[in-house]
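Residues per chain are reported as follows:
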Amino acid sequence: MPKVIKTKAQNFGEKMSGENKKTGKKTDAANKIEKAAKPEKQPKTKKTKNDVVKDVARKDKLVKNADKIVAVAEPVAVRFSKIYENKNVREILLKYFEEGCVDILPELNDYIGDEIVSNKKNMKAPIIRKWLNLMHDKSIVEFNRTKDKKTGWFTYFWKIRPDKVVEFTVSDINKEIEKLTKEIEEIKAHNFVCDCKTWTSTEALESDFVCQECEKVVMEKDDDKLIAEMENKKKVLEKKKEDILSSP
Ligand SMILES: [Zn+2]
């Protein structure tokens, strides 16, 4: 059985090098654009001022396009490749997964069998599989599987999806920010209070600033400190988001 795994793993290795080849191709394309962006030989005829302006604009466009191609050619696997090392990413992942589960992510840089992860981590394979499936439910890991023709059993090989880890954690932060924003709006709108509830200014005005239930005067309340604290929390979240998105 280990022999089979080795062979399959090698197959995946080949797949991965295929990707590198692809990258090579894209780099060639980028080189071509770079060449195209280089100054052309000066024509013998004199150029008018208008021609020069047009040339500059054309070259700018080429350079911009070259940037775009280079950006596309950069494999996602390189960007965010060590995303699990980002402390903000880890903090968010721990909201959803057990520590042991988050700790197997560094093993998944390249396709790896769950049995191997289990041996490396000295954890029972069913637990490892349970964790991998949980992370797969959130799309932050992917798998390839191979069928053993004799036994009909599948062997699963797992890999982290760094871009999806970013997407997942950033989306969690966005939800937190959205929740805070709504709460702040709510507090700002209900800026009057009696002994039993909060009121909007319109509600307070309509009831002549007296509550029928607790019979107390409806007073304006000062939420500035609370709102400032909440705004601050939002800023911290925005910074965490920036930190994740600029992760190497
Ligand atoms: Zn009241």
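Computed from a prediction, not measured in an experiment: that's the story for all the values here.

## Topic: the sheet that holds strand 2 (residues 141–147)
Strand order in the open sheet formed by three strands is 1-3-2, with antiparallel pairing between adjacent strands. The open sheet has two free edges, formed respectively by strand 1 (112–113) and strand 2, since each of these has just one partner strand. Looking at chain direction, strand 2 and strand 3 (residues 154–160) are connected through seven bridges and run antiparallel. If you follow T146 over to strand 3, its bridge partner there is T155.

## Looking at the environment of T146
By the element assignment, T146 lies in strand 2. In sequence terms T146 and F157 are eleven residues apart; their C-alpha atoms lie 8.3 Å from each other.

## A short note on the pairing of strand 3
Alignment of strand 1 against strand 3, held across two bridges, turns out to be antiparallel. Note that in strand 3 the partner of I112 across the bridge is W158.

## Considering the nonpolar core
Grouped together as the largest cluster of nonpolar side chains are 21 residues, with contacts concentrated most on I83, V89, L108, V141, I160 and V165. Every element with two or more residues in this core is listed here: helix 3 (87–96), helix 6 (125–137), strand 3 and helix 7 (162–189). Domain assignment of the residues forming this core places at least three in each of domain 2 (83–161) and domain 3 (165–245). Residue contacts for I160: discarding those within four places in its chain leaves L105, L108, N109, I140, V141 and V165. Counting five residues, the second largest nonpolar core, distinct from the first, contains F192, W199, A204 and V218.

## As for the confidence of the model for the protein chain
Looking at the protein chain as a whole, its pLDDT mean stands at 80, while 69% of the residues score no less than 70. Across the protein chain, the element-wise mean pLDDT spans from 42 in helix 1 (residues 2–37) up to 98 in helix 3. Contacts of residues 1–45 to residues separated by more than four positions or lying in other chains number 30 contacts, the stretch itself having pLDDT below 50. Low confidence marks residues 59–77, where pLDDT is under 50. Its contacts with residues over four positions away, or in another chain, come to 24 contacts.

Conventions adopted
- Per chain, residues are indexed from 1 in the order of the written sequence.
- For this predicted model, a pLDDT threshold of at least 70 governs which residues receive local features, and a threshold of 80 or more governs which side-chain atom pairs are given and counted, while totals over whole chains, interfaces and linings are taken from all residues.
- Note on pairing: DSSP must find at least two bridges between two strands before they are called paired.
- The secondary structure listing takes helices from DSSP runs of H or I that are at least 4 residues long and strands from runs of E that are at least 2 residues long, numbered from the N terminus.
- Working definition: the nonpolar core is a set of buried Ala, Val, Leu, Ile, Met, Phe, Trp, Tyr and Cys residues, joined through C-beta atoms within 7 Å.
- Burial in this document is a count-based property: other C-beta atoms within 10 Å of a residue's C-beta are tallied, and the residue is buried at 20 or more, exposed at 12 or fewer, or partly exposed in between, with C-beta positions derived from the backbone.
- Here the bounds of each domain stem from an automatic or database domain assignment.
- Placing C-beta atoms from the backbone, we regard two residues as in contact once those atoms come within 7 Å.
- For every residue, the pLDDT score states the predictor's confidence, bounded by 0 at the bottom and 100 at the top.

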